Amino acid sequence: MMRQFELVEKVKSYKPEADEDAINRAYVFAMQMHGSQKRASGDPYFSHPIEVAGILTRYKVDSTTIVTALLHDTIEDTDATHEDIERLFGEETARLVDGVTKLTRINFDSDSAKQAENFRKFLLAMSEDIRALLVKLADRLHNMRTLHFKKNPESRQRIAMETMDIYAPLAERIGMDEIKTELEDLAFAELNSDARKSVVRRLEFLRTQGGDLVERIISELQAKMFEHDLIADIQGREKSPYSIWRKMQQHDVGFEQLSDIMAFRIIVDDIDDCYKALGIVHGAYRTVPGRFKDYISTPKPNGYRSLHTGVFGPENHRIELQIRTKEMHEIAESGVAAHWNYKEQGSVDAAKRDGPQYRWLRELLEILENASNPEEFLEHTKLEMFKDQVFAFTPRGDLISLPSGSTPVDFAYAVHSEVGDRCVGAKINGRMMPLRTSLRNGDQVEIVTSKAQTPSPTWDRFVVTGKARARIRRFIRMQEREQYQELGRSIIARAFKESGNELTEKGLRGIVKNFAQPSVEDLCAQVGAGHITARAVLEAVYPRLKTVDPSDKVVPISKTKQQKGERGDGVSIKGLIPGMAMHFAGCCHPLPGDRIVGIVHTGKGVTIHTIDCEQLAQFQEEPERWLDVAWDNAAGDDDSHHVARVTVTVNNTPGALGDLSTVIAKNGGNISNLKIIDRQVDFFDMYIDVEVKNVKHLSDVIAALRASTAVNVVERARG
Ligand code: MN
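Residues numbered from 1 in each chain as written. Predicted model: local features only at pLDDT ≥ 70, side-chain atom pairs only at ≥ 80, totals over all residues. Heavy atoms only, no water.

Further remarks concern the overall build of the protein chain. Counting its regular elements, the protein chain contains 29 helices and 23 strands. By residue count, 49% of the 719 residues in the protein chain fall in the buried class. Sequence-distant contacts, at least 24 apart, represent 65% of the contacts inside the protein chain between residues at least 6 apart. When the accessible surface of the protein chain is totalled, it reaches about 34,400 Å², and 49% of it is carbon and sulfur. (Helix = DSSP H or I, 4+ residues; strand = E, 2+ residues; numbered from the N terminus. Buried < 20%, exposed > 50% of the residue type's maximum accessible area, 1.4 Å probe, protein only. Contact = heavy atoms within 4.5 Å. Areas by Shrake-Rupley, 256 points an atom, 1.4 Å probe, with all protein chains shown as cover.)

Here it is as structure tokens:
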């Protein structure tokens, strides 16, 4: 642990005018306030703020920032108040400590009851004074360095993820490359330790293989510079395991030799020398196309400046080179801290605040104040790191970060799988909104759940996160299969019973191959979904039953019953010509009680249509073919059953088909066939052939279907 005097000496070494007294008082105050508190490592808690202050000395920050670092956890974790800090250390320090506390609260455990600040406050807190962010980053860095002491693996994961998603990009955004790299690598070790270990092992292997390759490259480059009288400091540095890993992921390549994972730097005195060095390198070696970038004439938004190039360098090794001045180098490593020097006693140099490194923050603040809506706000911020993310809050204030375009359903699944599955609606900022609404930054989202709800297939069309999608699809697949299976089995059973043939499991097992199905269950599901007819299954088991199209049954008319057509099951039609065959039309499925008409087909008999069948239009010009017929027993109150066809529009939700078949069965109907005609996002159209006694029976079934929540529209098919 760094001692009090060491810290003071370190600060004074780069800032002789530092407020020694304030640092000493802050040191003692923090030590007293944290008292006997302990870290997970077993160290006294107070070691943490000192380490954080120590990290910041590397960036030559002012004494106010050092004092803030020492005090940064006192408001959050001890009895100290804002007033105490203000009284003892002044308004500016109190405000900074507040800023760090605000940033800290954003990251609170999602199960913490404490209310997190909202996203706007997060941005505000960090843009108010960038020094708060510097302290927060140093705080996070020390916490990451000591992460392995934490016992709870979930909390380690959460912290590592947050570091990877928010803090490392933030560090990059303000140009603190060193901190960014270390944060990423520490997070990588937690999130994917196997991957990191394999990269490290490979690195070690290459180091033993490569010999003094790096030294040879450096000395050859050095010699080239020397030939041209250029004084340059040349460095060779291994990339971090994480950046190597990411490169491997992005480019789908491995690394064969050390030079693949080395970055070389040429550091010179001034900008002229940068271009001179570039000329020497390009003159001596073949360039790798597409690698040259001039960040000196066009700096990166975070203020980074350097020349980048890639060449087939010494011994024909492909190497990457950065050429920069000492000042550029310092800025690249330390970012905003390197040239954001505060005058002692606080006041910020307005001119310096306009530098490119914090212009984005200043602009952000202005937009925050002026933006009329959050969308405009985000559109104008141009924050790469937030561009593809959206931050929303639970009613308790927990921050949920999602990919942009996410909906309340994604949000619900991010909170918990169960919440997602049972989600029925969402209140966004207090208003009920459709589940397909895209969330916007800062939205507060309250998910309304119901135990009766299950994931809807329609959600699959608009969710963005993989977690939600995977969960929904899995559920639908299971549900659909079960439903279709059940439905198919009952349809098959019915078909067998009707034909008077025995249905056995063995019989079905014997023919699943005929339909290229892996199992009886799959076959039933196929029948339930309408892809295979029950008739086809029946005929496969009992091939002798093969007949013509069953929907247009040919019924010979009994010769003994003159003037009447009668089927074996007792249906009779008055007004038919003796000896003439009778069909019930497959288009309109006439039922006892329907007003009917016969159409004569020469040589084929009479087809019975309902009087309103659309197919009759084609016989309009041939009145001689029309035959006036009527039901003999219009009530159809005997035991006979007739197939009627209804078209149904069903909500495309799991359970809808089950509801449908239950409703029909409860009302004494039997489904003999069903086919999905069109499947849309929210609903599907299908027709169902249902066996009923008569028109009255059918209207009962239709009425019951209309009453079912699963069904949108039911109509009797009219041809
Ligand atoms: Mn801390």
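This next bit is on the packing of helix α24 (residues 466-499) against helix α27 (residues 534-541). It is the contact of α24 with α27, at a shortest axis distance of 9 Å, that shows an interaxial angle of 55 degrees. With respect to their mutual orientation, α24 and α27 come out oblique. In the crossing of α24 with α27, the sense of the turn from one axis to the other is right-handed. Contacts between α24 and α27 involve I491, I492, A495, F496 and S499 from the former and A534, V537, L538 and V541 from the latter. Of the residues that constitute the contact of α24 with α27, the class distribution is 8 nonpolar, 1 polar and no charged. (Axes fitted to C-alpha atoms, helices over the stretch in contact; angles between N-to-C directions. Parallel < 35°, antiparallel > 145°, perpendicular 65-115°, else oblique. Left-handed = near helix turned anticlockwise from the far one by under 90°. Nonpolar A, V, L, I, M, F, W, Y, C, P; charged D, E, K, R; others polar.)

Right, let's talk about α24 for a bit. Helix length check: α24 (34 residues) gives 49 Å between terminal C-alpha atoms against 50 Å at 1.5 Å per residue, within 8%. One or two positions beyond α24, positive phi appears at G500, with a value near 75 degrees. (Expected span 1.5 Å × (residues − 1).)

Turning next to the pattern of salt bridges. Counted by the stated rule, this structure contains 27 salt bridges. Between E20 and K12 there is a salt bridge, with its nearest N and O atoms 3.0 Å apart. The salt bridge involving D460 is made with R469; its shortest N-O contact spans 3.2 Å. Look at R469 and you get partly exposed, because its relative accessible area is 24%. (Salt bridge = Lys/Arg side-chain N within 4 Å of Asp/Glu carboxyl O.)

Within the secondary structure, E190 sits in helix α11 (residues 177-191). Reaching out from E190, the side chain makes a polar contact with the side chain of R156 at a distance of 3.1 Å. Sequence-distant contacts of E190, defined by excluding residues within four places in its chain, comprise L147, P153, R156, Q157 and A160. (Polar contact = N/O pair within 3.5 Å; in protein donor to acceptor, adjacent residues only side chain to side chain.)

Along the chain, R158 turns up in helix α10 (residues 153-173). For the pair R158 and E190, spaced 32 residues apart in sequence, the C-alpha to C-alpha distance is 9.8 Å.

All right, on to the coordination of the manganese ion then. In this structure, H48 (NE2), H72 (NE2), D73 (OD) and D139 (OD) serve as the protein donors to the manganese ion, at separations of 2.1 to 2.3 Å. Sequence spacing of the donor residues for the manganese ion, all on one chain, is H-x23-H-D-x65-D. In this pair, H72 is assigned in the loop between α4 (63-71) and α5 (74-77) and D139 in helix α9 (residues 130-145), connecting sequence segments 67 residues apart. For the residue pair H72 and D139, the accessibility class agrees, reading buried in each case. (Donors = N, O, S within 2.8 Å, 3.2 Å for Na, K, Ca; no water.)

In this structure, L56, I66, L70 and L71 are the most contacted members of the largest nonpolar core, which totals 60 residues. Residue contributions to this core peak at 9 residues, all from α9. The residues touching L70, leaving out its near neighbours within four places in the chain, are L7, I23, A26, Y27, A30, P49, I50 and A53. The next biggest cluster of nonpolar side chains, apart from the first, holds 48 residues, and it includes F496, V537, I702 and A710. (Core = buried A, V, L, I, M, F, W, Y, C linked by side-chain atoms within 4.5 Å.)

Another point: the sheet that holds strand β10 (residues 431-433). Taken in spatial order, the 3 strands of this open sheet run β10-β9-β11, and their pairing is antiparallel. Pairing within the sheet leaves two strands with one partner each, and these edge strands are β10 and β11 (445-449). Strand-to-strand twist in this sheet, taken as the mean axis angle between neighbours without regard to direction, amounts to 35 degrees. Relative to β10, strand β9 (residues 423-428) runs antiparallel, the two being bridged by 3 bridges. The residue bridging K427 from the neighbouring strand is M432, located in β10. (Pairing = 2+ DSSP bridges.)

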